[in-house]
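Chain by chain, the residues run as shown.
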Amino acid sequence: MVSRESLEELKNTKAKRIMLQVPEGLKMRIPDIVSILEKEGYEVFSSVEPCFGACDIRDREAKMLGCDAILHIGHSDFGLKTAVPVIYDEWSSDFNPTDILVNNIEKIKFRKIGLLASVQFINSLKIAKMFLDEAGKKAFIGSAGRLSPGQVLGCDYSSARKVAKDVECFLFIGSGKFHSDGLLNTEGKTVFYIDAENNLFSRIEPETEKNEVKRLMRIESARGKKRFAVFVSAKPGQMDHSSAVRIGKFLKSAGKDVIIITADMLTPEKIMGMGLEVIVNTACPRMYDDQKLFGVTVLNAKDAEEI
């Protein structure tokens, strides 16, 4: 449940008190993980704040609580400088996609396929590639920057872009639809999705033209509105205050009333009663997906520059 490598890294930090951080889908494992860590002699504080990725490190809270290190489960190193050492345990799965592919290969009419996965299922990609190549397909696993070959993040699909010109569709292996939906919005190709947790196979068709129309309608709607807020995340891995200031100045020059707001995580309750009409998001670009919750127009930074 905690890798030997992570336990060894923790030992090397000489930590006595640690903070445990896990993504939402693994919170049911917290008691078991804590039990393992306590048997190793650590005092453990478990963060139950939502954790959306390695951009979302609770290092400031850890330092205030006197923790010597953070054990961060389920994500790979995002390259952040942190107030305390962070041990990243990627929680690799031994999921074998062969059976699902055997039962569904006839549904994949395309020959050239890009293979992608969230970090936990990277090891499954080589198995999928071997099967698809032997089945007469041609599978590609893109490698880009700091990501493992084929890995995607909710905000980084560079591995997909690396092979986009060579493939006709993508096959994604993971859990939940967060990453696969983001992939659709990024490359506009058909995505076949293997849900490793539920052993399900599905096909998702892109709606590129429809999404672009919606985006342009939001921009047009914002042009006729007056009260804007530019949101800056307090999460160190998502904080972009320089863009917020620049966009704020641009919108003011366009005659808008603008305030810059900040929060660890923006929710509708936090802006209730402020009379806002438009929120410009400079944090995680996937906040764009949740705009129905806010009841106001939500734009990403690049959209705001088109007003």
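Predicted model, so just to flag it, every value in this text is computed and none were measured.

Reading the values: rules and limits
- Residues numbered from 1 in each chain as written.
- Predicted model: local features only at pLDDT ≥ 70, side-chain atom pairs only at ≥ 80, totals over all residues.
- Heavy atoms only, no water.
- Helix = DSSP H or I, 4+ residues; strand = E, 2+ residues; numbered from the N terminus.
- Rg over C-alpha atoms; globule rule 2.2 N^0.38 Å.
- Buried < 20%, exposed > 50% of the residue type's maximum accessible area, 1.4 Å probe, protein only.
- Contact = heavy atoms within 4.5 Å.
- Areas by Shrake-Rupley, 256 points an atom, 1.4 Å probe, with all protein chains shown as cover.
- Arc of directions from axis to C-beta.
- Phe/Tyr/Trp six-rings, centres within 6.5 Å; stacked < 30°, edge-to-face > 60°.
- Salt bridge = Lys/Arg side-chain N within 4 Å of Asp/Glu carboxyl O.
- Pairing = 2+ DSSP bridges.
- Axes fitted to C-alpha atoms, helices over the stretch in contact; angles between N-to-C directions.
- Core = buried A, V, L, I, M, F, W, Y, C linked by side-chain atoms within 4.5 Å.

Engineer: Just to check I follow, could you spell out the overall build of the chain for this structure?
Structural biologist: Each helix and strand counted, the chain has 11 helices and 13 strands in total. Against the compact-globule benchmark of 19 Å for 307 residues, the chain has a radius of gyration of 21 Å, which places it among compact chains. When its C-alpha atoms are laid out on the principal axes, the chain stretches across 60 × 55 × 30 Å. Within the chain, the proportion of its 307 residues that are buried is 50%. Considering only contacts within the chain whose residues lie at least 6 apart along the sequence, 62% involve residues at least 24 apart. When the accessible surface of the chain is split by element, carbon and sulfur atoms take 52% of a total near 15,600 Å².

Engineer: Looking at this structure, I do not really get helix α2 (residues 30-39). What am I missing?
Structural biologist: Along an α-helix, residues three or four apart share an orientation, since each turn contains 3.6 residues. Taken as a whole, α2 has its buried residues at I30, I33, V34 and L37. End-on, the buried residues of α2 take up no more than an arc of 100 degrees, which puts them together on one face. Along α2, exposed side chains directed more than 90 degrees from the buried face belong to P31 and K39. For α2, the secondary structure elements touched by its buried residues are α1 (4-13), β1 (17-21), β2 (43-46) and β3 (69-73). With its phi angle positive at about 100 degrees, G41 sits one or two positions after the end of α2.

Engineer: Mind showing me how you'd approach the environment of E38 here?
Structural biologist: Locating E38 in the fold gives a position in helix α2. Owing to a relative accessible area of 47%, E38 belongs among the partly exposed residues under this scheme. The spatial distance from the C-alpha of E38 to the C-alpha of R17 is 9.9 Å, given a sequence separation of 21 residues.

Engineer: Would you take a moment to explain the packing of aromatic side chains for this structure?
Structural biologist: The geometry of an aromatic ring pair comes down to the distance between the two centres and the angle between the two planes. Following the criterion strictly, the structure yields four aromatic pairs and no others. Ring centres 5.9 Å apart and planes at 25 degrees place the aromatic pair F192 and F201 in the stacked group. Residue classification places F201 among the buried positions, given a relative accessible area of 15%.

Engineer: Can you walk me through the pattern of salt bridges in this structure?
Structural biologist: Side chains that differ in charge, positive against negative, can pair when their charged atoms come close. Summed over the entire model, instances satisfying the criterion amount to 14 salt bridges. Across the pair R58 and D264 runs a salt bridge, and its minimum N-O distance is 2.7 Å. In this pair, R58 sits in the loop between β2 and α3 (59-64) while D264 sits in the loop between β11 (257-263) and β12 (278-281), placing the two residues 206 residues apart along the sequence. D264 sits in the partly exposed class, given a relative accessible area of 25%.

Engineer: Sorry, what's going on with the sheet that holds β1 here?
Structural biologist: Whenever strands of a sheet pair, they do so through backbone hydrogen bonds, lying parallel or antiparallel. On the basis of which strands lie adjacent, the open sheet formed by four strands has the order β2-β1-β3-β4 and parallel pairing. On the outer flanks of this sheet lie β2 and β4 (86-89), each paired with one strand and no other. Taking the axes of each pair of neighbouring strands and ignoring which way they run, one obtains an average angle of 25 degrees across the sheet. Bridge count for β1 against β3 is four bridges, and the pairing is parallel. In the strand pairing of β3, L20 is matched with L71. α2 rests against β1, β2 and β3 of the sheet, and its axis sits at about 160 degrees to β2.

Engineer: Teacher, can you tell me more about the environment of M28 here?
Structural biologist: With respect to the secondary-structure elements, M28 resides in the loop between β1 and α2. Overall, M28 belongs to the exposed group, its relative accessible area being 55%. Spatially, the C-alpha atom of M28 lies 20 Å from that of S76, the residues being 48 residues apart in sequence.

Engineer: Would you mind going over the nonpolar core with me for this structure?
Structural biologist: It is characteristic of soluble globular proteins that their nonpolar side chains tend to be buried jointly. Counting 22 residues, the largest nonpolar core has L115, L132, L171, I173 and I194 as the members making the most contacts within it. Counting residues per element, this core draws most heavily on helix α5 (residues 123-134), at four residues. In this view, L115 contacts L125, A128, K129, L132, A139, F140, I141, G150 and L171; residues no more than four positions away in its chain are not counted. V2, L71, I73 and I87 belong to the second-largest nonpolar core, a separate cluster that totals 19 residues.

Engineer: Sorry if this is basic, but what is going on with the sheet that holds β12 here?
Structural biologist: Reading across from one edge, β11-β10-β12-β13 is the order of the four strands in this open sheet, with parallel pairing throughout. One side of each edge strand has no neighbouring strand; the edge strands of this open sheet are β11 and β13 (297-300). Each strand of the sheet is rotated relative to its neighbour by a mean of 25 degrees, with strand direction disregarded. As defined by bridge partners, strand β10 (residues 227-233) adjoins β11 across seven bridges and the pair is classed as parallel. Counted as the bridge partner of A229 is I259 from β11.

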